[in-house]
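# Structural characterization, general
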Amino acid sequence: MSETGSGKHDDPDSEDSELLGPAGAHEFHPLTGLWITDETTPDDLVGDNAADADHSPPAWDFDDDEFADDSSDEFDLALAETVAEQLTAPNSLSPPASPPSHAPSAGQALTAPAPIMIISRPHTNSRVVPATLRGLRRATGGSVTLAAACTLRQITPAAADTYMSGCTAASIRVADPVAHTAYDSVPGRKAASPTTLRWPFQRYSDPDVDEATWLIDVIQAQRTVGANTLLTPGRFLPNNDPVIELDTAIRHLDLVRSQAQNEPVLLNLVLATNWMTNPHRVDDLAERAIEARPDGVWLTTLWPQLTTAGQPVDLQLLAGYRDLCRALEDEAIPLLLPTTDLTGWWCLGHGATGFGTGLSAAARAFTPAQTGGGTGNPPKPRILTPELLHTILRSEYDPLVTAGLVTDCRCPHCLTSRNTADWDASTQAGHHLFRLAELTADVDRGAHIAGLVNTALTTANMARSAVALERESVPRHLPLWQQLRA
């Protein structure tokens, strides 16, 4: 399996996007400042903290490491607020679940039986997230624990308290240091430029020289942003020298844990793909985590390039996830899998504690940059279809509803869309999170997820007689998920 990739930004004209609707139809302008490039200037884009725009460094962050993010800053905040309120209104578009009487603490949430759904801060549109979290919490009634995650590439010191303070519906709040963006080479991922290194811990020429002081700065940055759960720095483990790489990660864990003030501390691992495709390396990961006994493991794996809205289809990679999930579950060590979307949801059936997703493609997969040209046509509207455990084209979805193979979606985002004849970025992203939260709320771990996979595979086979699915709409991951049940 190749782990190489280009560090260049994608050409937004040349690639289909899961989230953006047709530009002309919805007044989106993805070519005029909404796609972030090295040439973007403050005049091109006003970020989430316009009031701080005169500060130096600026309060918004282009986050070069998140080049795959395809969101638009035209996301409808009013719609997100309306949906959140509708979920508790007497005549709601969707029957509300009873909200929990109080949110658990971060430590309680990590050990509670409820699955954890991590919502990552998007590249832009972060103002939508607090309302989205409130709506999801009300809709699931506490059967899903919500976590809000951002990175310290996104949040700057000038705007440190403007994001997490709004995420009150999230029991777990994480500010990932993503130290690998400042200090490591990750295949296919663009390294941070000096102008985006704004926190003190990002400016050490060599953090190993005074590691203890560096780690204190790592911790302080997370607390400043409002995190209630601490992560270790998150250096990249390339699997060149596994023993030394794990030794360093565990040493960081011990030092961060020694400075914790009642916060849970998670072992933050950022792995090359071949850690998870090699059974021996998976065993090493499990063994060292079990020996170290962190409050949890926050695991990010570099995936191979995916098709649009796709899931990994590497059997060894998926087997590695399955085996690690089971090993850590047996030892009661929570495993959280940010930026994994449906694959992470599937891992709940094998013992994972939580998984991550979000409003944009970058929040759903950690991959190298996509390369190559596209059609130059407007992005195609897509829709997460729970009956297929996959995202398909909207033009394919309606014939499947007519054929009785999938149920016409009644989520508040889809109902609102029908009322206005819109199907735009806001609706697509809101629908995605709402339906994925429903799947998570209903999950009964192993046997239940396996049953859903079997049913989805049957539905996918029947769908071929109703509509000609394009290549990206075929759920090629389902046979692998079924095969790995044992």
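To keep things clear, this report deals only with the structure shown in the data block. (Residues numbered from 1 in each chain as written. Predicted model: local features only at pLDDT ≥ 70, side-chain atom pairs only at ≥ 80, totals over all residues. Heavy atoms only, no water.)

## Let's talk about the overall build of the protein chain
Per the secondary structure count, the protein chain includes 17 helices and 11 strands. Taking all 486 residues of the protein chain together, 59% fall into the buried category. A fraction of 77% describes how many contacts in the protein chain between residues 6 or more apart in sequence connect residues 24 or more apart. Counting only carbon and sulfur atoms, one obtains 50% of the accessible surface of the protein chain, whose full area is about 18,700 Å². (Helix = DSSP H or I, 4+ residues; strand = E, 2+ residues; numbered from the N terminus. Buried < 20%, exposed > 50% of the residue type's maximum accessible area, 1.4 Å probe, protein only. Contact = heavy atoms within 4.5 Å. Areas by Shrake-Rupley, 256 points an atom, 1.4 Å probe, with all protein chains shown as cover.)

## Quick notes on the packing of helix H12 (residues 341-348) against helix H15 (residues 425-442)
One way to put it is that H12 packs onto H15 with a least axis distance of 11 Å and a crossing angle of 10°. When the axes of H12 and H15 are compared, the pair comes out roughly parallel. Between H12 and H15, the contacting residues are Asp341, Leu342, Trp345 and Leu348 on the first element and His432, Leu436, Leu439 and Thr440 on the second. (Axes fitted to C-alpha atoms, helices over the stretch in contact; angles between N-to-C directions. Parallel < 35°, antiparallel > 145°, perpendicular 65-115°, else oblique.)

## Considerations on the pattern of salt bridges
If you walk through the whole model with that rule in mind, you get 13 salt bridges. Where glutamate 291 meets arginine 288, a salt bridge forms, and the shortest distance between an N and an O atom there is 3.7 Å. Of this pair, glutamate 291 and arginine 288 both sit in helix H10 (residues 279-292), separated by three residues, roughly a single helical turn. In this structure glutamate 291 comes out as exposed when scored by relative accessible area, which is 52%. Among the salt bridges present, the one from arginine 382 reaches glutamate 470, with a minimum N-O distance of 2.8 Å. Taken together, the residues span a long stretch of sequence, with arginine 382 in strand E10 (residues 382-385) and glutamate 470 in the loop between helix H16 (445-463) and helix H17 (477-483) at a distance of 88 residues. Summarising the burial analysis for this pair, arginine 382 and glutamate 470 share the class buried. (Salt bridge = Lys/Arg side-chain N within 4 Å of Asp/Glu carboxyl O.)

## What to know about the state of the cysteines
Summed over all chains, the structure comprises zero disulfides. Looking at the unpaired cysteine 325, the closest cysteine sulfur is the one in cysteine 347, lying at 4.2 Å. For cysteine 325, a relative accessible area of 0% translates into the label buried. (Disulfide = S-S within 2.5 Å.)

## Describing the packing of aromatic side chains
Taken as a whole and assessed by the stated rule, the structure comprises two aromatic pairs. Ring centres 5.9 Å apart and planes at 85° place the aromatic pair tyrosine 183 and tryptophan 214 in the edge-to-face group. One end of the pair, tyrosine 183, is in helix H6 (residues 180-183); the other, tryptophan 214, is in helix H7 (residues 211-225), with 31 residues separating them in the sequence. Taking the relative accessible area as the measure of exposure, tryptophan 214 reaches 0% and is therefore buried. With centroids separated by 5.5 Å and ring planes inclined at 10°, the aromatic side chains of tryptophan 346 and tryptophan 481 adopt a geometry described as stacked. (Phe/Tyr/Trp six-rings, centres within 6.5 Å; stacked < 30°, edge-to-face > 60°.)

## What about unusual backbone geometry?
Here alanine 309, not a glycine, exhibits a phi torsion of approximately 60°, which is positive. Within the secondary structure, alanine 309 sits in the loop between strand E7 (296-301) and helix H11 (315-330). The phi dihedral of alanine 332 falls on the positive side, at around 60°, and the residue is not glycine. Among the structural elements, alanine 332 can be located in the loop between H11 and strand E8 (335-337).

## Describing H15
Relative to the 26 Å expected for 18 residues at 1.5 Å per residue, H15 spans 26 Å between its end C-alpha atoms, a close match to the ideal helical length. Most of H15 sits inside the fold, with 15 of its 18 residues counted as buried. (Expected span 1.5 Å × (residues − 1).)

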